[in-house]
Amino acid sequence: MSNPVKQYLWRQKIHRGLQKHAERWKMFIDGEHWICPYCADIGFRCTNENMLQEQILDHFSNDCDNWKAGKGEMLQPASLKQRAEKTAVRFRLQKRPVWRIYDLDNHWYCPYCSKVTEIERPLGNKISDDLIERVNLHLRSCTQARKTLPKEVPLESIREAVQKSNRLKGLVASIRSQLAAKNELWSQCDKDGHWVCPYCVR
């Protein structure tokens, strides 16, 4: 921005916003990705709080259409919170591996409770508005995600849970296949009519 007067006025408005509306002007994803109170998008990654005001100015100057040269309206708190939640889910689905875990049936695993959900992997792994809404719906009912400071399950732990589930599903499919094929080894019973396992013969 080359106009010094406009730059001064914008800086003053940003300063007032940070002071008077901190709950909207200091909203971050994962503590470092700043959410704009006008467009509810991620404006930038803030690694130095002393540079926050300058980075906001740069976002308003180059990226935010809703700022409208300082004449735009901030989003109301409830609306900003709702839109920020969707922005956070989209960001994490894009960037965090623990948010992109699916089993053999293409069902999504929650990164907080590590449980399988009915949410299916989208075609082409496209992160659609529908996917975000369904993930949000689960998170609102997830006791782990609703904690004041929710913690994600370690990536390896959730992968182990999925691998265990996949092995079980593979075993079930194999048993069904053997029974459907009427394999005699899978149809043996003892004298009391109890089924005999073809592996351990018990």
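Residues numbered from 1 in each chain as written. Predicted model: local features only at pLDDT ≥ 70, side-chain atom pairs only at ≥ 80, totals over all residues. Heavy atoms only, no water.

(A) Fine view of the sheet that holds strand 2 (residues 33-35). With antiparallel pairing, the three strands of this open sheet are ordered in space as 1-2-3. With partners counted over all chains shown, the strands left at the sheet margins are strand 1 (28-29) and strand 3 (42-45), one partner each. Alignment of strand 1 against strand 2, held across two bridges, turns out to be antiparallel. Bridged to phenylalanine 28 within strand 2 is tryptophan 34. Helix-sheet contacts for helix 3 (residues 52-62) involve strand 1, strand 2 and strand 3, and the interaxial angle to strand 3 is about 140°. (Pairing = 2+ DSSP bridges. Helix = DSSP H or I, 4+ residues; strand = E, 2+ residues; numbered from the N terminus. Contact = heavy atoms within 4.5 Å. Axes fitted to C-alpha atoms, helices over the stretch in contact; angles between N-to-C directions.)

(B) Local environment of the layout of surface pockets. Of the pockets and cavities examined, the largest pocket occupies roughly 730 Å³. As for the largest pocket, its lining consists of 23 residues, of which Glu85, Ala88, Arg92, Ala145 and Pro150 are closest to the centre. Listing elements by their share of the lining of the largest pocket, those giving two or more residues are strand 1, helix 4 (77-95) and helix 5 (129-141). When residues of the lining of the largest pocket are assigned to their parent elements, the largest contribution, six residues, is made by helix 4. (1 Å grid on protein atoms, 1.4 Å probe; cavity = no way out; pocket = protein on both sides within 12 Å on 5 of 7 lines; lining within 4 Å. Points joined across faces, edges and corners; volume = space filled by probe spheres on them.)

(C) Expanded view of the pattern of salt bridges. Summed over all chains, the structure comprises eleven salt bridges. Of the charged contacts in the structure, one is a salt bridge between arginine 11 and glutamate 54, with a shortest N-O distance of 2.1 Å. Taken as a pair, arginine 11 in helix 1 (residues 4-20) and glutamate 54 in helix 3 lie far apart in primary sequence, 43 residues in all. Look at arginine 11 and you get partly exposed, because its relative accessible area is 23%. For arginine 96, the salt bridge identified is with glutamate 152, shortest N-O distance 2.8 Å. You can see arginine 96 sitting in the loop between helix 4 and strand 4 (107-109) and its partner glutamate 152 sitting in the loop between helix 5 and helix 6 (155-180), a full 56 residues away along the chain. (Salt bridge = Lys/Arg side-chain N within 4 Å of Asp/Glu carboxyl O. Buried < 20%, exposed > 50% of the residue type's maximum accessible area, 1.4 Å probe, protein only.)

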